[in-house]
Amino acid sequence: EPPKIRLPRHLKQTYTRRVGETVNLVIPFQGKPRAKVSWEKNGSPIDKNDINIRNTEQDTIIFIRKAERGHSGEYDMKVEVENLVDKATIDIQIVDRPGPPEVVTIEDVWGENVNLSWKPPKDDGNAAITGYTIQKADKKSMEWFTVIEHYHRTSATINELVIGNEYYFRVFAENMCGLSEDATMTKESALIAKDGKVYKYPVYDDFDFSERPLFTQPLVNTFAVAGYNATLNCSVRGNPKPKITWMKNKVLIMNDPRYRMFSNQGVCTLEIRKPSPYDGGTYTCRAVNELGEAEVDCKLEVRGKG
């Protein structure tokens with residue numbers, strides 16, 4: 001009877017286990033007279049002290065009591081009967097929680113907003129990074145509160161901070177095993193300046209402060225999760241104070257209860273309440289005064305839950 005490996009269906013794709021879990025794989029085969037079974041890992045013989053392999057006349061068993069990341073790799077099985085051979089490969093991936101992001105930086109502070117950026121972790125835990133969780137803490141209490149979860153990009157704007165408070169931020173990385181055990185914190189804090197401190201300019205009667213609208217902070221492309229409120233932010237200056245309008249796909253947003261528009265100290269915000277994938281598209285903020293107009297736009301993508 002020629003050799004034939006009957007690889008179970010779940011082993012035809014990558015077989016994934018978490019660090020510390022047990023690996024126990026049974027692979028049946030055929031072949032008479034008694035077939036000779038051999039194994040290699042990544043092209044080298046398997047260390048029998050590290051990985052337990054037991055062969056019978058009709059199957060072979062791989063057993064690892066406590067999986068470690070070093071057990072990941074390609075396992076090649078060969079069954080020989082006289083001069084006939086059948087081969088199969090199993091891809092085993094042992095995953096762990098990731099390390100924290102490399103570095104978290106405060107890029108900008110304006111109005112009641114802070115813009116953060118960070119670098120992905122050095123150690124992804126042997127699995128793709130699926131998102132980030134961002135937390136803030138008031139310098140006085142240093143109690144941490146989550147502001148964004150399952151966030152896909154490596155920069156974010158934190159809104160609605162309290163004027164007069166000083167904040168630190170930290171970011172966790174996340175993969176299929178969960179959040180990193182540690183977070184990376186900003187080295188500096190962000191002071192949300194009290195009204196009047198930042199915006200007080202000396203007034204000269206003979207000087208013309210008129211200025212056409214200019215966006216000092218653009219809109220950024222954003223991912224949102226269906227059912228969770230999304231906000232788009234930008235900053236504009238101009239004198240006289242520009243009139244702000246918002247558009248979706250070049251169509252003016254008018255009196256739609258699903259949208260809230262507000263503007264404070266030059267920061268323009270559009271809140272989209274509980275968006276659905278239909279709410280994705282190109283959003284534009286237009287600022288107009290008697291001297292001219294300016295526009296910025298961004299793309300919003302709304303993903304289904306989960």
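Residues numbered from 1 in each chain as written. Predicted model: local features only at pLDDT ≥ 70, side-chain atom pairs only at ≥ 80, totals over all residues. Heavy atoms only, no water.

1. Quick look at the overall build of the chain
Working step 1: The helix and strand inventory of the chain stands at 0 helices and 27 strands.
Working step 2: Taken along the three principal axes of its C-alpha coordinates, the chain extends 105 × 45 × 30 Å.
Working step 3: For the chain, long-range pairs separated by at least 24 residues make up 65% of all intrachain contacts whose partners lie at least 6 apart in sequence.
Working step 4: Counting every atom, the chain has about 18,000 Å² of accessible surface; 47% of that belongs to carbon and sulfur.
Working step 5: In the chain, 43 positive and 43 negative side-chain charges are present, and the distance between their average locations comes to 4 Å. (Helix = DSSP H or I, 4+ residues; strand = E, 2+ residues; numbered from the N terminus. Contact = heavy atoms within 4.5 Å. Areas by Shrake-Rupley, 256 points an atom, 1.4 Å probe, with all protein chains shown as cover. Lys, Arg positive; Asp, Glu negative; His and termini not counted. Charge placed at Lys NZ, Arg CZ, Asp CG, Glu CD.)

2. Digging into the environment of Leu214
Working step 1: Within the secondary structure, Leu214 sits in strand E19 (residues 211–217).
Working step 2: When sequence neighbours within four positions are dropped, the list of residues in contact with Leu214 reads Ser235, Val236 and Arg237.

3. Quick word on unusual backbone geometry
Working step 1: Following Lys32, the chain continues to Pro33 via a peptide bond in cis, the omega torsion being -10 degrees.
Working step 2: Along the polypeptide, Pro33 turns up in the loop between strand E3 (23–30) and strand E4 (36–41).
Working step 3: In the segment running from Asn239 into Pro240, the intervening peptide bond is cis, with an omega of 0 degrees.
Working step 4: On the secondary structure map, Pro240 appears in the loop between strand E21 (230–239) and strand E22 (243–248).

4. A closer look at the side chain of Asn233
Working step 1: By the element assignment, Asn233 lies in strand E21.
Working step 2: At 3.4 Å, the side chain of Asn233 and the side chain of Asn159 are in polar contact.
Working step 3: Engagement of the side chain of Asn233 in a polar contact is seen with the side chain of Thr269, the distance being 2.7 Å.
Working step 4: In this structure Asn233 touches Asn113, Thr157, Asn159, Pro218, Leu219, Val267, Cys268 and Thr269, once residues within four positions along its chain are discounted. (Polar contact = N/O pair within 3.5 Å; in protein donor to acceptor, adjacent residues only side chain to side chain.)

5. Re the pattern of salt bridges
Working step 1: The final tally for this structure, using the stated rule, is 15 salt bridges.
Working step 2: Note that Glu57 is salt-bridged to Arg34, the shortest N-O span being 3.9 Å. Of this pair, Glu57 sits in the loop between strand E6 (52–55) and strand E7 (59–64) while Arg34 sits in the loop between E3 and E4; the two residues are 23 residues apart in sequence, bridging distant segments of the chain.
Working step 3: Given the relative accessible area of 57%, Arg34 is considered exposed. (Salt bridge = Lys/Arg side-chain N within 4 Å of Asp/Glu carboxyl O. Buried < 20%, exposed > 50% of the residue type's maximum accessible area, 1.4 Å probe, protein only.)

6. Digging into the state of the cysteines
Working step 1: Applying the stated criterion to the full structure yields 0 disulfides.
Working step 2: There is no disulfide at Cys268, and the cysteine sulfur nearest it, in Cys285, is 4.5 Å away.
Working step 3: Cys285 carries a free sulfur, and the closest cysteine sulfur to it, the one in Cys234, is 3.7 Å from it.
Working step 4: Taking the relative accessible area as the measure of exposure, Cys285 reaches 0% and is therefore buried. (Disulfide = S-S within 2.5 Å.)

7. Thoughts on the packing of aromatic side chains
Working step 1: Taken as a whole and judged by the stated rule, the model has 4 aromatic pairs.
Working step 2: Ring centres of Trp118 and Tyr132 lie 5.5 Å apart, and the angle between their planes is 65 degrees; this geometry places the pair in the edge-to-face category. Of this pair, Trp118 sits in strand E11 (residues 113–118) while Tyr132 sits in strand E12 (residues 131–138), and the two are 14 residues apart along the sequence.
Working step 3: Classification of Trp118 by relative accessible area gives buried; the value is 4%.
Working step 4: With centroids separated by 6.2 Å and ring planes inclined at 55 degrees, the aromatic side chains of Trp118 and Tyr151 adopt a geometry described as tilted. On the criterion of sequence distance, the pair formed by Trp118 in strand E11 and Tyr151 in strand E13 (residues 144–151) is long-range, its members being 33 residues apart.
Working step 5: Residue classification places Tyr151 among the buried positions, given a relative accessible area of 13%.
Working step 6: Put simply, the rings of Trp118, Tyr132 and Tyr151 pair up and form one aromatic cluster.
Working step 7: Against the face of Tyr278 rests Lys248, its NZ or CZ located 4.4 Å from the ring centre.
Working step 8: Across the ring face of Phe223, the terminal group of Arg303 is positioned such that the distance to the ring centre comes to 4.1 Å. (Phe/Tyr/Trp six-rings, centres within 6.5 Å; stacked < 30°, edge-to-face > 60°. Lys NZ or Arg CZ within 6 Å of the ring centre and 35° of its normal.)

8. What to know about the UniProt feature "domain: Ig-like" (unreviewed entry) in the chain
Working step 1: In the numbering adopted here, UniProt assigns the feature "domain: Ig-like" (unreviewed entry) to residues 3–91 and 213–297.
Working step 2: Helix and strand shares over residues 3–91 are 0% and 55% respectively, and the end C-alpha atoms of the span are 21 Å apart.
Working step 3: Secondary structure across residues 213–297 comprises 0% helix and 64% strand; the distance between its end C-alpha atoms is 15 Å. (UniProt positions renumbered as here; feature names shortened; annotations may be inferred.)

9. As for a positive patch on the surface
Working step 1: On the surface, Lys4, Arg6, Arg9 and Lys12 cluster together into a patch of positive charge.
Working step 2: One can find Lys4 in strand E1 (residues 4–5). (Patch = residues over 30% accessible without salt bridge, like charges linked within 9 Å, V, L, I, M, F, W, Y side chains within 5 Å.)

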